[in-house]
There are 2 protein chains.
Amino acid sequence: MGYTLGLKRSCLTSEEIERRLADAGVHATAQRIAIARYVLCEADHPTADQVKSWADKNFPKMSMATVYNTLKILVAAGLLKKIAFPHLNEAVYDDNITAHYHLIDEKTGRMSDLDPADFKVTANLKGVRIKEIEIFIKGRRELS
Amino acid sequence: MGYTLGLKRSCLTSEEIERRLADAGVHATAQRIAIARYVLCEADHPTADQVKSWADKNFPKMSMATVYNTLKILVAAGLLKKIAFPHLNEAVYDDNITAHYHLIDEKTGRMSDLDPADFKVTANLKGVRIKEIEIFIKGRRELS
DNA sequence: TCAATATTTAGATTAGTTCTAATTCAACTC
DNA sequence: GAGTTGAATTAGAACTAATCTAAATATTGA
Ligand SMILES: [Mn+2]
Ligand SMILES: [Mn+2]
Ligand SMILES: [Zn+2]
Ligand SMILES: [Zn+2]
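Residues numbered from 1 in each chain as written. Chains lettered and ligands numbered in written order. Predicted model: local features only at pLDDT ≥ 70, side-chain atom pairs only at ≥ 80, totals over all residues. Heavy atoms only, no water.

Description of the domain arrangement of chain A
All names here are of chain A. This is how it is decided: Domains are outlined according to an automatic or database domain assignment. It only takes one pair of heavy atoms within 4.5 Å for two residues to be counted as in contact. What counts as buried area is the accessible surface, traced by a 1.4 Å probe, that two parts surrender upon association, with contributions from both included. Between Lys or Arg on one side and Asp or Glu on the other, a salt bridge is scored when a side-chain nitrogen of the former is within 4 Å of a carboxyl oxygen of the latter. Two N or O atoms form a polar contact when they lie within 3.5 Å of each other; inside protein one atom must be a possible hydrogen donor and the other a possible acceptor, and for residues adjacent in sequence the pair counts only when both atoms belong to side chains. For the purposes of this entry, the term helix denotes a DSSP run of H or I that reaches at least four residues, the term strand denotes a run of E that reaches at least two, and both are numbered from the N terminus. Under the grouping applied here, Gly and all other residues not named as nonpolar or charged are polar, the nonpolar ones being Ala, Val, Leu, Ile, Met, Phe, Trp, Tyr, Cys and Pro and the charged ones Asp, Glu, Lys and Arg.
According to the domain assignment, chain A contains domain 1 (14-94) and domain 2 (101-139). Computed from C-alpha atoms alone, the centre-to-centre distance between domain 1 and domain 2 is 24 Å. The partner domain 2 presents nine residues to the nine residues of domain 1 that form the contact. Where domain 1 abuts domain 2, roughly 720 Å² becomes buried across the two surfaces, and 69% of that area is made up of carbon and sulfur atoms. The interface formed by domain 1 and domain 2 holds zero salt bridges in total. Where domain 1 touches domain 2, the interface holds four residue pairs in polar contact (both at pLDDT 80 or more). Only strand 1 (81-83) and strand 2 (92-94) provide two or more residues apiece to the side of domain 1 that touches domain 2. In terms of residue class, the side of domain 1 that touches domain 2 is built from four nonpolar, two polar and three charged.

This is the structure we're talking about:
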C-alpha cells in the first residue's frame with residue numbers, strides 16, 4: 001500500500017467504495033477497491049483490457065487474473081453489468097445497472113448510454129416469456 | 001465431385017444457389033455451393049462450427065479456413081448476415097437478411113427470429129443518427 | 001504466534017477466429 | 001490436349017479474449 005490512485009474525477013471516496021463492497025457482501029481488498037473505484041467512478045464502459053491498462057499505471061503489479069476475477073465478483077454482486085455487444089469483440093463493463101439501451105458509434109466503436117425514457121417499445125409476442133430486452137443502436141452521435 | 005449432399009429439406013437447388021452466387025458476383029465453387037445451400041436452406045442461425053460439422057458429414061475434406069472464408073464472402077455479398085451476439089461466444093450466421101429481431105433462449109442459448117411487425121419501437125433521440133436498431137430479447141419460448 | 005482461509009499471481013490453457021504460405025484446382029491460351 | 005496463370009483451398013500457425021491452475025502471498029482469527 002502507500003501508493004495513490006490518480007483519479008481524474010471523483011464520485012466516491014475509497015471509504016464509500018469500501019462500504020458499497022461490504023454492503024454487497026464483497027470483502028474489500030486493495031485491488032478490489034481500486035478496480036471498483038475505477039469502473040464505478042472514472043471509466044465509461046471500459047473493457048477488461050482498459051481496466052488492466054489503468055491498473056498498470058495506477059496500481060503496483062496487478063495481474064490480469066485479478067482484473068477478470070474482480071470484474072466477475074462485481075458483476076455477481078450486482079454492482080456492475082457485463083455487456084458483450086456484437087461488432088465489438090471484447091466485453092465492456094457498465095456501472096449503470098439500471099435498465100437502459102446503448103448506442104454504438106460506427107466510427108469509433110465506442111458505446112454510450114441511451115435513456116429508456118426516450119424510447120417506447122411494445123412487443124406483441126405470444127408464447128415468449130421476456131426476461132430482458134436489449135437494444136443496441138448503431139449510428140453516430142451528431143456533433144452539436 | 002460426384003458426392004451427394006444430404007439435405008434434410010430443400011428450398012433451393014444447387015443450380016438456383018449457383019445463380020444466386022453468380023448474381024452476387026461470387027464465383028460458384030463446389031465448396032461455396034455446398035456451404036451456401038446449407039446456410040441458406042437447411043440451417044437456422046448456425047455457428048461456423050456447425051457449418052464445419054455439417055461439411056464433415058456431407059462434403060469431402062473441407063477445411064475450417066474454407067468455412068470461414070466462404071461465410072465471410074457470403075456476408076460481403078449480402079447473402080448472409082453475421083451476428084456476433086455476446087452472451088454467446090461464437091458468431092452465428094443468419095440467412096434472414098431482412099430487418100428483424102432476435103430471441104435468445106436463456107436455457108439453450110439458441111437464437112430465433114422475431115418478426116419486427118410484432119414490435120412497435122419509437123425512439124426520440126436528438127443528436128443521434130440512427131443507422132440500425134438491433135433488439136435482442138432474452139427469455140424463453142413457451143411450449144404451447 | 002501460528003495455522004487456516006482467502007486472495008492474488010504468473011503462466012498455461014482453451015476457444016473462436018484470422019492469417020500464412022504452400023498446394024490444388026479451374027479457366028484460358030496456344 | 002498440354003501449359004500457363006490466377007483463384008481457391010488447405011493445414012497448420014498465430015492471435016486474442018477469457019478462463020483455469022497451482023503456487024505464492026496476504027489476511028483472519030484462534
Ligand atoms: Mn483490447
Ligand atoms: Mn462451437
Ligand atoms: Zn450503459
Ligand atoms: Zn435471424
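Description of the interface of chain A and chain B
Chain A puts 32 residues into the contact, and the matching count from chain B is 32 residues. For the pair chain A and chain B, the summed buried area comes to about 3,000 Å², and 53% of that belongs to carbon and sulfur atoms. Among the residues of chain A in contact with chain B, Arg129(A), Glu134(A) and Lys138(A) are the three that bury the most area, contributing 18% of the side total. Joining chain A to chain B, the criterion identifies six salt bridges. Lys131(B) is the salt-bridge partner of Glu106(A), the closest N and O atoms lying 3.7 Å from each other. On inspection of chain A and its partner chain B, the count reaches 16 residue pairs in polar contact (both at pLDDT 80 or more). If you list the elements that add at least two residues to the side of chain A that touches chain B, you get strand 5 (119-123) and strand 6 (128-141) of chain A. A per-element tally of the side of chain A that touches chain B places strand 6 of chain A first, with 14 residues. Grouping the constituent residues of the side of chain A that touches chain B by class yields 15 nonpolar, five polar and 12 charged.

Let's talk about the protein's contact with DNA strand D
Rule in force here: Any residue with at least one heavy atom within 4 Å of a molecule or strand is counted as near it.
Lining the immediate environment of DNA strand D, one finds 17 residues, of which Tyr68(A), Ala91(A), Thr29(B), Lys61(B) and Thr66(B) sit closest. Backbone atoms, meaning sugar and phosphate, make up 82% of the atoms of DNA strand D lying within 4 Å of the protein. The backbone of Ala91(A) places a nitrogen or oxygen atom 3.0 Å from a phosphate oxygen of DNA strand D. Interatomic distance of 2.5 Å between a side-chain N/O atom of Thr29(B) and a phosphate oxygen of DNA strand D. Going through the elements one at a time, helix 4 (64-76) of chain A together with helix 2 (30-42) and helix 4 (64-76) of chain B are the ones with two or more residues in the surface near DNA strand D. Of all the elements, helix 4 of chain B adds the most residues to the surface near DNA strand D, at three residues. Grouping the constituent residues of the surface near DNA strand D by class yields five nonpolar, eight polar and four charged.

Brief notes about the packing of aromatic side chains
Residue and element names in this part refer to chain A. How we decide: Working definition: rings of Phe, Tyr and Trp (its six-membered ring) pair if their centres are within 6.5 Å, and the pair is stacked with planes under 30 degrees apart, edge-to-face with planes over 60 apart, and tilted otherwise. Exposure categories follow from relative accessible area, calculated using a 1.4 Å probe and restricted to protein chains: below 20% of the type maximum is buried, above 50% is exposed, and the middle band is partly exposed.
According to the stated counting rule, one finds five aromatic pairs over all chains in the structure shown. On the numbers, 4.7 Å between centres and 15° between planes, the contact of Tyr38 with Trp54 is stacked. In this pair, Tyr38 sits in helix 2 (residues 30-42) while Trp54 sits in helix 3 (residues 48-58), placing the two residues 16 residues apart along the sequence. Relative accessible area serves as the criterion here: at 11%, Tyr38 is assigned to the buried category. Accessibility expressed as a relative area gives 6% for Trp54, which makes it buried.

Considering the coordination of the zinc ion (ligand 3)
All names here are of chain A. Worth spelling out the cut-off: Each metal's donors are the N, O and S atoms within 2.8 Å of it, or within 3.2 Å when it is Na, K or Ca, and because water is not part of the set, sites may look incomplete.
Bound to the zinc ion (ligand 3) are the protein donor atoms His45 (NE2), Asp94 (OD), His100 (NE2), His102 (NE2) and Asp113 (OD), situated 1.9 to 2.3 Å from the metal. All donors of the zinc ion (ligand 3) come from a single chain, and their spacing in sequence reads H-x48-D-x5-H-x1-H-x10-D. Taken as a pair, His45 in the loop between helix 2 and helix 3 and His102 in strand 3 (residues 101-105) lie far apart in primary sequence, 57 residues in all. Accessibility classification places His45 together with His102 in one group, the buried group.

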